[in-house]
Amino acid sequence: MVALIASLAGALILAGVVYDIARLITPDEPCRPPLARLRGRRAALEEAERWLVGLRLHHRVDADTYQHRMSGIARGQRRTTAVPTHHVGGHHG
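Residues numbered from 1 in each chain as written. Predicted model: local features only at pLDDT ≥ 70, side-chain atom pairs only at ≥ 80, totals over all residues. Heavy atoms only, no water.

(A) Broad picture of the confidence of the model for the protein. Here the protein averages 80 in pLDDT, and 72% of its residues register 70 or above. Mean pLDDT across the secondary structure elements of the protein bottoms out at helix α2 (residues 35-57), with 83, and peaks at helix α3 (residues 63-74), with 92. (pLDDT = per-residue confidence, 0-100. Helix = DSSP H or I, 4+ residues; strand = E, 2+ residues; numbered from the N terminus.)

Okay, here's the thing in structure tokens:
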């Protein structure tokens, strides 16, 4: 009985090792990303939103730029690809 339980546990461990190795060497990712990656991306988007609100509150960006960037964040982009055309305030230096 003990030998049966030990061999069953060994077979499960071996199956898990084979599965992990197969996942590591296959080039395709699963359709959905792991939950940790989703949480990280969501947290990064929330941080980008807080940063942008801070810029707007301190008059570092104008309303059009703020709206453009906020709509980009709503679409899941942390950064916009276009350079803003309007700047409120100036460069300090």
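Following the structure, the description resumes.
(B) The side chain of Asp 62, seen in detail. Here Asp 62 shows up in the loop between α2 and α3. For the buried Asp 62, no salt bridge is present, and the opposite-charge side chain at shortest range is Arg 56, 6.3 Å distant. Side-chain polar atoms of Asp 62 contact the side chain of Thr 65, separated by 2.6 Å. (Buried < 20%, exposed > 50% of the residue type's maximum accessible area, 1.4 Å probe, protein only. Lys, Arg positive; Asp, Glu negative; His and termini not counted. Salt bridge = Lys/Arg side-chain N within 4 Å of Asp/Glu carboxyl O. Polar contact = N/O pair within 3.5 Å; in protein donor to acceptor, adjacent residues only side chain to side chain.)

(C) Fine view of a nonpolar patch on the surface. Taken together, the side chains of Ile 13, Val 17, Ile 21, Leu 24 and Ile 25 define a hydrophobic patch exposed on the protein surface, amounting to about 560 Å² of accessible area. Structurally, the position occupied by Ile 25 is in helix α1 (residues 2-25). (Patch = residues over 30% accessible without salt bridge, like charges linked within 9 Å, V, L, I, M, F, W, Y side chains within 5 Å. Areas by Shrake-Rupley, 256 points an atom, 1.4 Å probe, with all protein chains shown as cover.)

(D) Seen up close, the pattern of salt bridges. Taken as a whole, this structure holds one salt bridge when the rule is applied. One salt bridge connects Arg 50 with Glu 47, and the closest N-O pair in it is separated by 3.0 Å. Here the residue Arg 50 and the residue Glu 47 both occupy positions in helix α2, the gap between them amounting to three residues, near one helical turn. Residue Glu 47 is classed as partly exposed on the basis of its relative accessible area of 42%.

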